[in-house]
Amino acid sequence: MPVYKDEERGTLYVRCYYEDFTRKKKQIKKRGFKLQREAKEWEADFLRKQKGSTDMTFRSMYEIYIEDMGHRCRQSTIDGKKHVFEKLILPYFENKPINKITPKDIRAWQNEMIAKDYSNSYLDRMQNMITALFNYAVDYFNLAENPCHKAGRMGKREVVVNFWTKDEFDRILAAMEDDPTAYVSFSLLYYSGIRFGEFLALTPKDFDFEKNTLDITKSLQRVKKQDVVTPPKTPKSIRNIIIPDFVMKEVKDYMLKLYDLKDTDRVFPFTKSYINNAMARACKKSGVKKIRIHDIRHSHASYLINLGCAPLLISERLGHEKVQTTLSTYSHLYPNKHQEVVDMMQNQHQKDMATSDVTAPAEASEEPKPQGTRFKVVSPKDKISPQQVHVNDLSPCVGFNRRI
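Residues numbered from 1 in each chain as written. Predicted model: local features only at pLDDT ≥ 70, side-chain atom pairs only at ≥ 80, totals over all residues. Heavy atoms only, no water.

Draft legend 1. Main features of helix H14 (residues 323-330). Taken residue by residue, H14 has Thr326, Thr329 and Tyr330 as its buried positions. Looking down the long axis of H14, one finds its buried residues gathered within 75° of arc, a one-sided arrangement. Those residues of H14 that are buried lie in contact with helix H12 (294-307) and helix H13 (311-318). (Buried < 20%, exposed > 50% of the residue type's maximum accessible area, 1.4 Å probe, protein only. Helix = DSSP H or I, 4+ residues; strand = E, 2+ residues; numbered from the N terminus. Arc of directions from axis to C-beta. Contact = heavy atoms within 4.5 Å.)

The structure is reproduced here in C-alpha cells:
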C-alpha cells in the first residue's frame, strides 16, 4: 500500500485498485493527505468498505447507507438524515470500526445528547436514525448485533396536534372574503385533508368536476431552492378522494379565471410563504389562533372525527400507510366519543328500565317492597366487642321480639 508524494500540491496521495459490483476492475486516487499514516488509514478503510467488512469505520458505513437510501427516500428525507448524522452522530463515532461500537458507547452518546437539552421528539429522532443505520449493517453486512438494542432508547415521540374547529375555520374563511385565492386554497385544504406538497402539485387534470373527485398522484418539494415534483409520501398516498360539491364549484370558478391554464400547469403556483401570510392576516382579523399549514390537515381529521367517521375511512382519505398511524396521531381527539358511548349505554339502560316497569304484572306492583335494612355499629359500656344494632325501631315488625 504505497503512498505517493504530490509534488504540485506538496501533499500525499494513495491509489487503490478494486472490483465493483460487476467485478470490473477500477482505480481510485485520493489526494490531500498531510501524513503517511492518514493516507494508509484511508486506503485500508476504503478496501474494507469495498469488501463489506464490519471492520470499516462508522463513517464508511454511513456513506454506504446514505447512498443506498438516496435511491429509496425523498430528497427532503435524505437531507434531514444528513443534517442529524453530520451534526450530532458522526463527530462521536466516525473513526471507530462499526463492529467495535458497544452498547456502552451508545449509552454515553445518548447521555451527552440528553445533556444538551434537546426536545424529547428530537432525541427520539436521533435514536431512530442511528438504530436504523445499525439495523442496516446487521441486515446487509453481517454485523453480529445492533448495540442500540441493549443500550435502550432515549427521548419519546411527542404528538402535538393543533387544529381549528369548524367554527374557527368558518371565521377564518369569513376573514378571507377579500382574497379569492386564499379563500379557495384554504377551503380545499380543509375539506380534503391533503398534504401541502400534494396541494401545490395539483394540475387541472387532477380534478374531475363531474364526479367531484380529486386524484392525488404527486407532491411538490422545495429542494435546494428548486421546485421538484416527486411521488407522494407513501404508496397509499396515491389516492382518489371525493370533495364536497360546494368546494369543487369554488375551485372550478377560480380555475376559469386563470389565464391560459393548461392541463399540466400548477393550479396553485405560489409558495408556502403566501399561505402563511394569508393565514396570519386572517387570524389577526378573526381572532382565531394561528396554526401551522400542516395543522389544516389535522383540522380536517378532527372535523371527520367529530362527524363520527370511522378511523379506517379517515386513514384512507388522508393517505396514511396504516390505520394505526391515524389512531396514534388522533387518539386524543376521541375522549368525547368515549363519553358518548357511556351516555348511549346509560340512555338505553333507562329505556330498558322504563319498559320493564310498564310491562310488569299489576299484582306485583301491589306487593309491599322490602325495606332496606340499616345498621350501625355500637359498643355498649358493659361489653368489650362491638355489635350491630338496627337504626330503626323494629318492634312493630311481625315476628320480631324486642330484647329488653
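Draft legend 2. Region of interest: helix H5 (residues 120-141). The first and last C-alpha atoms of H5 sit 31 Å apart over 22 residues, in line with the 32 Å expected at 1.5 Å per residue. Trailing H5 by a residue or two, asparagine 142 shows a phi angle of about 60°, which is positive. (Expected span 1.5 Å × (residues − 1).)

Draft legend 3. Region of the structure containing the packing of helix H7 (residues 166-174) against helix H8 (residues 180-192). At a closest axis distance of 10 Å, the pairing of H7 and H8 adopts a crossing angle of 165°. Classified by the angle their axes make, H7 and H8 are roughly antiparallel. Both H7 and H8 take part in a crossing whose hand is left-handed. Contacts between H7 and H8 involve Lys166, Phe169 and Leu173 from the first element and Tyr183, Phe186, Ser187, Tyr190 and Tyr191 from the second. (Axes fitted to C-alpha atoms, helices over the stretch in contact; angles between N-to-C directions. Parallel < 35°, antiparallel > 145°, perpendicular 65-115°, else oblique. Left-handed = near helix turned anticlockwise from the far one by under 90°.)

Draft legend 4. Structural context of the packing of H8 against helix H10 (residues 245-256). The N-to-C vectors of H8 and H10 enclose an angle of 145°; their axes lie 10 Å apart at closest approach. As H8 packs across H10, the resulting crossing turns out to be left-handed. On the side of H8, the interface is formed by Thr181, Tyr183, Val184, Ser187, Leu188 and Tyr191, while H10 contributes Phe246, Val247, Glu250, Val251 and Tyr254. Residue classes in the contact of H8 with H10 are distributed as eight nonpolar, two polar and one charged. (Nonpolar A, V, L, I, M, F, W, Y, C, P; charged D, E, K, R; others polar.)

Draft legend 5. Fine view of unusual backbone geometry. Here the phi dihedral of aspartate 117 falls at roughly 65°; this positive angle occurs in a residue that is not glycine. Mapped onto the secondary structure, aspartate 117 falls in the loop between helix H4 (103-115) and H5. Residue aspartate 117 is classed as exposed on the basis of its relative accessible area of 68%.

Draft legend 6. Region of interest: the nonpolar core. With 42 residues, the main nonpolar core has Trp164, Phe186, Leu188 and Phe199 as its most contacted residues. For this core, the elements supplying multiple residues, two or more each, are H7, H8, helix H9 (196-200), strand S5 (213-216), H10 and helix H11 (272-286). For this core, the element with the highest residue contribution is H8, accounting for seven residues. Judged by nonpolar contacts, the second largest core, of 34 residues, contains Ile106, Met126, Ile130 and Phe134. (Core = buried A, V, L, I, M, F, W, Y, C linked by side-chain atoms within 4.5 Å.)

Draft legend 7. Spotlight on the side chain of glutamine 221. One can find glutamine 221 in strand S6 (residues 219-223). At 2.8 Å, the side chain of glutamine 221 and the side chain of serine 219 are in polar contact. What glutamine 221 contacts, discounting residues up to four positions off in sequence, is Arg74, Ser76, Gln226, Asp227, Val228 and Thr230. (Polar contact = N/O pair within 3.5 Å; in protein donor to acceptor, adjacent residues only side chain to side chain.)

Draft legend 8. Layout of the sheet that holds S5. Ordered in space as S4-S5-S8, the three strands form an open sheet in which the pairing is antiparallel. Sheet topology places strand S4 (207-208) and strand S8 (239-242) at the edges, where each strand pairs with a single neighbour. Of the pairings in the sheet, the one linking S5 to S8 comprises four bridges and is antiparallel in character. When the bridges of S8 are listed, isoleucine 216 appears paired with arginine 239. (Pairing = 2+ DSSP bridges.)

Draft legend 9. Representation of the pattern of salt bridges within the structure. Evaluation of the coordinates by the stated rule reveals 18 salt bridges. When the shortest N-O distance is used, the salt bridge between glutamate 198 and arginine 239 registers 3.0 Å. Of this pair, glutamate 198 sits in helix H9 while arginine 239 sits in strand S8; the two residues are 41 residues apart in sequence, bridging distant segments of the chain. A residue is classified by how much of its surface remains accessible, and glutamate 198, at 1% relative accessible area, is buried. Arginine 239 gets classed as buried once you look at its relative accessible area, which sits at 8%. For the salt bridge of arginine 266 with aspartate 227, the shortest nitrogen-to-oxygen distance reads 3.7 Å. Here arginine 266 is found in the loop between H10 and H11, whereas its partner aspartate 227 is found in strand S7 (residues 226-230), with 39 residues between them in sequence. For aspartate 227, a relative accessible area of 43% translates into the label partly exposed. (Salt bridge = Lys/Arg side-chain N within 4 Å of Asp/Glu carboxyl O.)

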